[in-house]
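Here are the chains, one letter per residue:
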Amino acid sequence: MNTKIIYKHKNHLMLVSLILIVFAFVNNYVTHNKNISEILLLIASIVGLLPILFQAYSALKIKVISIDVLVVLAVLGAFIIKNYEESAIVTFLFLFGSFLEQKTLNHTKKAIKELTDLTPLEAAVLKDGLTVKIPIEEVLVGDLVVVKTGEKVPVDGLIVEGSGYLSEASLTGESIPVSKTLSDQVYASSILDDGHIVIKTTAVLEDTTFGKIIEMVVEAQDKKSRAWQFIDRFSTFYTPVVLIFGLLMGLLTKDIELGVTILVLGCPGALVIGIPVSNVAGIGFGAKHGILFKGSETISDLAKSDVFIFDKTGTLTKGFPEVVEMIAYDSNVDKIKNYYKSLEETQTHPLAKSILNYIGDVSTFEVKDLNVIKGQGIKGYINDKRILLGNQALMNDYQVELSSVLNDIKRFEDKGLSYVILAEEEKVLSVISIGDQLRDNINNDLKRLRQLGVKDTYILSGDNQGAVDKIKDSLNMTQGFGGMLPKDKKAFIDKLVLEGRKVTFIGDGINDAPSLASATIGISIKGGTDVAIETSDVVLMHHDLYHLATAKRLAGKILRNMWQNIIISLLVVIVLLYQVLYNSQMTMSIGMLVHELSILVVILNGMRLLKTNIKEK
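Everything numeric in this text was worked out from a predicted model, so none of it was measured. (Residues numbered from 1 in each chain as written. Predicted model: local features only at pLDDT ≥ 70, side-chain atom pairs only at ≥ 80, totals over all residues. Heavy atoms only, no water.)

K.L.:
Outline the packing of aromatic side chains, listing residues and values.
P.N.:
Counted according to the given criterion, the structure contains 3 aromatic pairs. Arranged with centres 5.3 Å apart and planes meeting at 70°, the rings of Tyr 458 and Phe 492 form a pair that is edge-to-face. Of this pair, Tyr 458 sits in strand E16 (residues 456-460) while Phe 492 sits in helix H20 (residues 486-498), and the two are 34 residues apart along the sequence. Exposure class is identical for Tyr 458 and Phe 492. Each is buried. In this structure an aromatic cluster arises from ring pairing among Tyr 458, Phe 481 and Phe 492. (Phe/Tyr/Trp six-rings, centres within 6.5 Å; stacked < 30°, edge-to-face > 60°. Helix = DSSP H or I, 4+ residues; strand = E, 2+ residues; numbered from the N terminus. Buried < 20%, exposed > 50% of the residue type's maximum accessible area, 1.4 Å probe, protein only.)

K.L.:
Lay out the sheet that holds strand E14 (residues 418-424) with the relevant residues and their values.
P.N.:
With respect to topology, 6 strands assemble into an open sheet ordered E10-E15-E14-E13-E12-E11, the strand pairing being antiparallel. Each edge of the open sheet is held by one strand with a lone partner, namely strand E10 (322-328) and strand E11 (368-373). For this sheet, the mean inter-axis angle between neighbouring strands, taken without regard to orientation, is 15°. Sheet topology note: the E14/strand E15 (residues 427-435) ladder contains 7 bridges and is antiparallel. (Pairing = 2+ DSSP bridges. Axes fitted to C-alpha atoms, helices over the stretch in contact; angles between N-to-C directions.)

K.L.:
So, the side chain of Ser 430: which residues are in play, and what are the values?
P.N.:
If you trace the backbone, Ser 430 turns up in strand E15. Taking the relative accessible area as the measure of exposure, Ser 430 reaches 0% and is therefore buried. A distance of 2.8 Å separates the side chain of Ser 430 from the side chain of Tyr 340, its partner in a polar contact. Sequence-distant contacts of Ser 430, defined by excluding residues within four places in its chain, comprise Met 326, Ile 327, Ala 328, Tyr 329, Ile 336, Tyr 340, Val 420, Ile 421 and Leu 422. (Polar contact = N/O pair within 3.5 Å; in protein donor to acceptor, adjacent residues only side chain to side chain. Contact = heavy atoms within 4.5 Å.)

K.L.:
Just give me the short version of a nonpolar patch on the surface, but keep the residues and values in it.
P.N.:
A cluster of nonpolar residues, Leu 15, Leu 18, Ile 19, Val 22, Phe 23, Val 26, Tyr 29 and Val 30, forms a patch on the protein surface that exposes about 780 Å² of accessible area. For Val 26, the position within the fold is in helix H2 (residues 10-30). Given the relative accessible area of 43%, Val 26 is considered partly exposed. (Patch = residues over 30% accessible without salt bridge, like charges linked within 9 Å, V, L, I, M, F, W, Y side chains within 5 Å. Areas by Shrake-Rupley, 256 points an atom, 1.4 Å probe, with all protein chains shown as cover. Salt bridge = Lys/Arg side-chain N within 4 Å of Asp/Glu carboxyl O.)

This is the structure we're talking about:
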């Protein structure tokens, strides 16, 4: 008989078995012809036994005594004592339980299907001035892809024409559209809510950010935690023990039915399915909300982690310079802004960009004899007046009077901020301070972590100790260490891990990769380097740290759900075995019904994670 055909029609065989059982009971009730009923029940037993028998045979071929082996022996025992009613009901319930398990696992993996469905199958590519729709598999890096309002972005790329608002909910879980314009990065699966853009392709299919997310989630759902591995090992030994115990009880008591019932009731089905359901459902739920766990072991460790270590730049801070304050020493503020923009728009360094972003859309003057003085700043002439923009050294070289600004400069330096001075001839007009600002609401984010049981928070940074101390004090963190090289950060983390601490490190750069790998849990955030993302155990597809506490809270919920399922499963087995030994009313079919109900209970408990509330209470 073809095994594949049996497996393919497993659910149909279950349905046939149910129909035969129903006919048998109806016939017995209507005609009272027990012979016909027993024949129907025998046929139902054989029909239901076929797929179970093949599964048991497959297990024995690899020297594993599976649950299927116990059920086959139990049904054969029922045949020997001619209890066809029990054998028919047991085989049907077992097949029905398998059907529910598979249906539930398929549902918990629905998150993956929903993710893959977000990727368009076609892309509108510009070829010889014409827009041509081609399968996404045929799009190449460098191709120009057109996206119109309401369409999904099919590739990763840079905007070379147009602008618009894109929803990146599939990547970040955030519903608010993000404004994108020339040279901005866009990602596959984003939706263009408003606008018209042309993208130069940088990645396609599995190489896109979205493709890598799907790959990570699939791999994570297949990885087994220590608890899952333990249950696998436990069931490997437990099942043969139940088999021996059932056979011994049947022989010693000379009660074959008792031995057969023990085989059925001792099946660890709920125990085996409980952890995978929690694991798959939890990881799938996290993926839909922009939290990517790379394995169930990661979940357990993150839930228990009580030490969180942060890189400074790009993690606690925004990772790019911003204007903190502009001080004007002249009443004509509009003129000051015109000067800033006129000089800085000719420059390409990051500080110039941050000043231009701050100044905004103002008019400019014509600048003559512009001269960039290396290491000092810019000199130029506007309306025949010499304008200087730079540091103290530049001002001193041109005898600019600085006494009025020294207090402000010292204040900026004490805060670890950079600054530029604007002067007209020998007079200072303005000073702008620039710094890498702390992320918005970072204090509240750290407070949420402490509420979840995090005892110690550290900063490890390559920046100077003074700058680190200021951030450490402002955020009320345990300790901060500056001037650290990547090897120093790794050594610090290794020391805590050796002390038995569950250490979580959060970073975003290539230099953070050794620390991310050494920590118990490494977490990277959106915008980090590919190396950091690959090395980390958890990826947050958000630009902020609010979801750091959310990830820890979700990990705790998943871990508790796993243990709930383990406890439920063990209690059911213990109660059933007790009942069969001390309660004469306990039958094989009743035991199998309770056994399958316990599987349904742990499945439903695991599926609660798909609807869990991970927001702050």
